[in-house]
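Spelled out, the chains give:
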Amino acid sequence: VKRLVLGLLLLSLALAGGLSYLASETPDGLEKSLARHDVAEGESVVAAPMADYQSPWGGQWLAGVSGTLAVFGLTLVVGWGLARKKGAS
Amino acid sequence: VHLPDGILSPPVWIAGDLLAAGAVGVCAARVKDRLTESRVPLMGVMGAFVFAAQMINFPVPGGTSGHLLGGVLLVVLLGPAAASLVMFCVLLVQALLFQDGGITVLGPNLINMGLLATLGGWAIVRLLAGRSNGWRRYLAIFVACWVTVVAGALLAGFEIWLSGHAPLGPVLLTMGGVHALIGIGEGLITVATVRFLVAARPELLEGVS
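Just so it is clear, the model here is predicted, and its values are computed rather than measured.

1. Overview of the overall build of chain B
Item 1. Scanning chain B for helices and strands turns up seven helices and two strands.
Item 2. A compact globule built from 209 residues should have a C-alpha radius of gyration of about 17 Å, and chain B, at 16 Å, falls within 12% of that.
Item 3. Projected onto the principal axes, the alpha-carbon positions of chain B cover approximately 50 × 35 × 30 Å.
Item 4. The 209 residues of chain B split such that 60% are buried.
Item 5. For chain B, restricting intrachain contacts to residue pairs at least 6 apart in sequence, the fraction spanning at least 24 positions comes to 73%.
Item 6. Each charge class in chain B can be summarised by its mean position, and for the 10 positive and 9 negative side chains these summaries are 14 Å apart.

What follows is the structure in structure tokens.
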């Protein structure tokens, strides 16, 4: 399974870093519905460092790559944290 | 379907946050009971994959677009509890780093785009396919994708109506109509991905609880 995990991680990085440039720019289903019903998008409560997937240092690919790694890392920490406790008790 | 901050009224998003927090707690307890360490890398990489896939909007007829949600994909490979936690991680990173989905509406977003698929979608797959691994399973996966994407969109529309922003009928009609098409995309991508992964590693689906 190790090779599969590595392969999938590389694939994900490629998707987020490269192919996301091909992503459709048309508004998504929610945005379109909100616009049709004149619902204004609210103000964001937190200021995200890379809002709308634009990173201040390198554009979209860097945002995609760092986000992919952030999710990978966070999920591993959560998973290992929970799985380990079982072994300890 | 990522709802931004400020769209839902406080009672609606607080209720959603509480409900989602409870569900995440139950899932965490279940994962703690059952998850073996050897499955953790798969959890991590599927989270990364779902995040990456959600960045890629595919065009939908009618001047709009949609992207994979991935909840059913996660649940088929990881089981409902682990899949729900992975979805939570994905949405948390999207809200905190990318302002994709508001932080106050994290709970409602997790319910609409995550839990409906990882819990409800799982029930649909089980109900339609049992433990079959053949074409019935893939058909069930497709149905689960479509139903949960549309249901999530309708639920989001319902929450917008509850918050007093739009009349119920029309908002359900637009949300449901657009996402009936997006749901087909979700189903096709999910079935193709599961088929590809199972072909590469047939043992992957074993030990999913």
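2. Thoughts on the interface of chain A and chain B
Item 1. Chain A puts 58 residues into the contact, and the matching count from chain B is 66 residues.
Item 2. Summed over both partners, the interface of chain A with chain B comes to about 5,200 Å²; 73% of that surface belongs to carbon and sulfur atoms.
Item 3. Seen at the junction of chain A and chain B, the total is zero salt bridges.
Item 4. Remark: the boundary between chain A and chain B carries one residue pair in polar contact (both at pLDDT 80 or more).
Item 5. Elements supplying a minimum of two residues to the side of chain A that touches chain B: helix H1 (2-17), helix H2 (29-36) and helix H3 (60-88) of chain A.
Item 6. With 19 residues, the single largest contributor to the side of chain A that touches chain B is H3 of chain A.
Item 7. Across the side of chain A that touches chain B, the residue classes tally to 33 nonpolar, 15 polar and ten charged.

3. Some words on the packing of helix H1 (residues 10-34) of chain B against helix H4 (residues 80-98) of chain B
Residues and elements named next belong to chain B.
Item 1. Between H1 and H4, whose axes approach to 8 Å, the crossing angle comes to 125 degrees. Accordingly, the angle class assigned to the pair H1 and H4 is oblique. The interaxial crossing formed by H1 with H4 has left-handed handedness. Across the interface between the two elements, Val24, Cys27, Ala28, Arg30 and Val31 from H1 touch Ala81, Ala82, Ser84, Leu85 and Phe88 from H4.
Item 2. Of the residues in the contact of H1 with H4, the class split is eight nonpolar, one polar and one charged.

4. With respect to helix H6 (residues 135-162) of chain B
Item 1. For H6 of chain B, which comprises 28 residues, the first-to-last C-alpha distance of 40 Å matches the rise-based estimate of 40 Å (1.5 Å per residue) to within 8%.
Item 2. Immediately beyond the C-terminal end of H6 of chain B, within one or two residues, lies Gly164 of chain B, with a positive phi of roughly 80 degrees.

5. Quick notes on unusual backbone geometry
Item 1. The residue Gln99 of chain B is not glycine, and still its phi comes out positive at about 55 degrees.
Item 2. Following the sequence through the fold, Gln99 of chain B ends up in the loop between H4 and helix H5 (106-129).

6. As for the packing of aromatic side chains
Residues and elements named next belong to chain B.
Item 1. Summed over the entire model, instances satisfying the criterion amount to two aromatic pairs over all chains.
Item 2. Consider the rings of Phe51 and Phe98, whose centres lie 5.6 Å apart with planes at 40 degrees: the pair is tilted. With Phe51 in helix H2 (residues 40-54) and Phe98 in helix H4, the pair connects residues that are 47 residues apart, well separated along the chain. The exposure classification of Phe51 matches that of Phe98, with both residues buried.
Item 3. Ring plane angle 40 degrees and centroid distance 5.5 Å describe the contact between Phe158 and Trp161, whose orientation is recorded as tilted.

7. Examining the nonpolar core
Item 1. Ranked by size, the top nonpolar core spans 75 residues in total, and within it Met46, Phe51, Leu74, Leu78 and Ile141 of chain B carry the most contacts.
Item 2. In terms of residue count, H4 of chain B provides more of this core than any other element does, twelve residues in total.
Item 3. With 14 residues, the next largest nonpolar core counts Val39 of chain A together with Val105, Ala156 and Met175 of chain B among its residues.

8. Section: a nonpolar patch on the surface
Residue and element names in this part refer to chain B.
Item 1. Side chains of Leu127, Leu128, Trp135, Leu139, Val143, Trp146, Val147, Leu181, Ile184 and Leu188 sit close together on the surface and give an oily, nonpolar patch of about 970 Å² of accessible area.
Item 2. Those elements that place two or more of their residues in the nonpolar patch are H5, H6 and helix H7 (168-200).
Item 3. The exposure class of Ile184 is partly exposed, given its relative accessible area of 37%.

9. What to know about the confidence of the model for chain A
In low-pLDDT regions, the fine details of the predicted coordinates are not to be read closely.
Item 1. For chain A, mean pLDDT is 78; residues scoring 70 or higher make up 75% of the total.
Item 2. Per-element confidence in chain A ranges from a low mean pLDDT of 78 for H2 of chain A to a high of 88 for H1 of chain A.

10. Points about the side chain of Thr68 of chain A
Item 1. Within the secondary structure layout, Thr68 of chain A lies in helix H3.
Item 2. With sequence-adjacent residues up to four places away left out, Thr68 of chain A is seen in contact with Ser12, Leu13 and Ala16 of chain A together with Ala48, Phe51 and Ala52 of chain B.

11. Let's talk about the environment of Trp161 of chain B
Residues and elements named next belong to chain B.
Item 1. Relative to the helices and strands, Trp161 is located in helix H6.
Item 2. Measuring from C-alpha to C-alpha, the distance between Trp161 and Leu8 comes to 8.7 Å, with 153 residues separating the pair along the chain.
Item 3. Those residues in contact with Trp161, other than ones at most four positions away along the chain, are Ala166, Pro167, Leu168 and Val171.

What counts and how
Residues numbered from 1 in each chain as written. Chains lettered and ligands numbered in written order. Predicted model: local features only at pLDDT ≥ 70, side-chain atom pairs only at ≥ 80, totals over all residues. Heavy atoms only, no water. Helix = DSSP H or I, 4+ residues; strand = E, 2+ residues; numbered from the N terminus. Rg over C-alpha atoms; globule rule 2.2 N^0.38 Å. Buried < 20%, exposed > 50% of the residue type's maximum accessible area, 1.4 Å probe, protein only. Contact = heavy atoms within 4.5 Å. Lys, Arg positive; Asp, Glu negative; His and termini not counted. Charge placed at Lys NZ, Arg CZ, Asp CG, Glu CD. Buried area = accessible area lost by both parts, 1.4 Å probe. Salt bridge = Lys/Arg side-chain N within 4 Å of Asp/Glu carboxyl O. Polar contact = N/O pair within 3.5 Å; in protein donor to acceptor, adjacent residues only side chain to side chain. Nonpolar A, V, L, I, M, F, W, Y, C, P; charged D, E, K, R; others polar. Axes fitted to C-alpha atoms, helices over the stretch in contact; angles between N-to-C directions. Parallel < 35°, antiparallel > 145°, perpendicular 65-115°, else oblique. Left-handed = near helix turned anticlockwise from the far one by under 90°. Expected span 1.5 Å × (residues − 1). Phe/Tyr/Trp six-rings, centres within 6.5 Å; stacked < 30°, edge-to-face > 60°. Core = buried A, V, L, I, M, F, W, Y, C linked by side-chain atoms within 4.5 Å. Patch = residues over 30% accessible without salt bridge, like charges linked within 9 Å, V, L, I, M, F, W, Y side chains within 5 Å. Areas by Shrake-Rupley, 256 points an atom, 1.4 Å probe, with all protein chains shown as cover. pLDDT = per-residue confidence, 0-100.

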